[in-house]
Amino acid sequence: MGTNILAGGQTLRSATIAGGNTLRSGTDAGVQEEFITKEEVARRLKKTTRTIEHWQRRGYIPFVKVQQSVLFRWSRVVAQLERKFGVGFVER
């Protein structure tokens, strides 16, 4: 298990991602929030993975790259889209 410092001084605790292992990160409140994949972000937003990649490059959604994996925190994706575009989300 390793520790990396992210922008804003937040700590990411990471382990090798293999066999479907879940990567988790501590949040400011000390509550564990699960990272999700690009495919899961695309599914929740009803977009293609190509659109999600495009939004990543343009800075529309925040992501973390750990080795070869690109991961997202859903709460941050939603917050960024709400800030940037003034849209709200309702989870079903």
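Placed above this text is the structure.
Residues numbered from 1 in each chain as written. Predicted model: local features only at pLDDT ≥ 70, side-chain atom pairs only at ≥ 80, totals over all residues. Heavy atoms only, no water.

Caption draft 1: A look at the packing of aromatic side chains. Tallied over the full model, the rule gives two aromatic pairs. With centroids separated by 5.2 Å and ring planes inclined at 90 degrees, the aromatic side chains of Tyr 60 and Phe 85 adopt a geometry described as edge-to-face. Highlighted residues: Tyr 60 in the loop between helix H2 (49-58) and strand S6 (64-66) and Phe 85 in helix H3 (residues 74-85), separated in sequence by 25 residues. On the basis of relative accessible area, Tyr 60 is assigned to the buried category, the value being 18%. Its relative accessible area of 43% is what places Phe 85 among the partly exposed residues. Plain terms: the ring middles of Phe 63 and Phe 72 are 6.3 Å apart, the flat faces sit at 50 degrees to each other, and that makes the pair tilted. Above the ring of Trp 74, the side-chain terminus of Arg 44 is found at 5.1 Å from the ring centroid. (Phe/Tyr/Trp six-rings, centres within 6.5 Å; stacked < 30°, edge-to-face > 60°. Helix = DSSP H or I, 4+ residues; strand = E, 2+ residues; numbered from the N terminus. Buried < 20%, exposed > 50% of the residue type's maximum accessible area, 1.4 Å probe, protein only. Lys NZ or Arg CZ within 6 Å of the ring centre and 35° of its normal.)

Caption draft 2: Region of the structure containing the pairing of strand S7 (residues 69-72). Sheet topology places strand S5 (residues 36-37) next to S7; two bridges connect them, and they run antiparallel. For Thr 37, the partnering residue across the bridge sits in S7 and is Leu 71. Across three bridges, S6 lies against S7 in antiparallel orientation. Note on S7: the bridge partner recorded for Lys 65 is Val 70. Two successive antiparallel strands, S6 and S7, enclose a turn made up of two residues, where Gln 67 displays a positive phi of approximately 55 degrees. (Pairing = 2+ DSSP bridges.)

Caption draft 3: Examining the packing of helix H1 (residues 38-45) against H3 more closely. Running from amino to carboxyl end, H1 crosses H3 at an angle of 50 degrees, the nearest separation of the two axes being 11 Å. Put simply, H1 runs oblique to H3. Considering only the axes of H1 and H3, their crossing is right-handed. Mapping the contact onto sequence places Val 41, Arg 44 and Leu 45 in H1 and Trp 74, Val 77 and Leu 81 in H3. Of the residues contributing to the contact of H1 with H3, the split by class is five nonpolar, no polar and one charged. (Axes fitted to C-alpha atoms, helices over the stretch in contact; angles between N-to-C directions. Parallel < 35°, antiparallel > 145°, perpendicular 65-115°, else oblique. Left-handed = near helix turned anticlockwise from the far one by under 90°. Contact = heavy atoms within 4.5 Å. Nonpolar A, V, L, I, M, F, W, Y, C, P; charged D, E, K, R; others polar.)

Caption draft 4: How the structure looks around the sheet that holds S5. Judged by pairing direction, the sheet is antiparallel, and its three strands sit side by side in the order S5-S7-S6 without closing on themselves. At either margin of the open sheet sits one strand with a lone partner, and together these are S5 and S6.

Caption draft 5: Molecular detail of the side chain of Gln 56. Residue placement: Gln 56 occurs in helix H2. When near neighbours in sequence (up to four residues on either side) are disregarded, Gln 56 contacts Lys 38, Ile 61, Phe 63, Val 70 and Phe 72.

Caption draft 6: Up close: the nonpolar core. Grouped together as the largest cluster of nonpolar side chains are 13 residues, with contacts concentrated most on Val 41, Leu 45, Ile 52, Ile 61, Phe 72, Trp 74 and Val 77. Looking at this core, the elements with two or more residues in it are H1, H2 and H3. Here this core takes four residues from H3, the largest share from any one element. With residues up to four places along the chain from it excluded, the contact list for Val 41 reads Ile 36, Ile 52, Phe 72, Trp 74 and Val 77. (Core = buried A, V, L, I, M, F, W, Y, C linked by side-chain atoms within 4.5 Å.)

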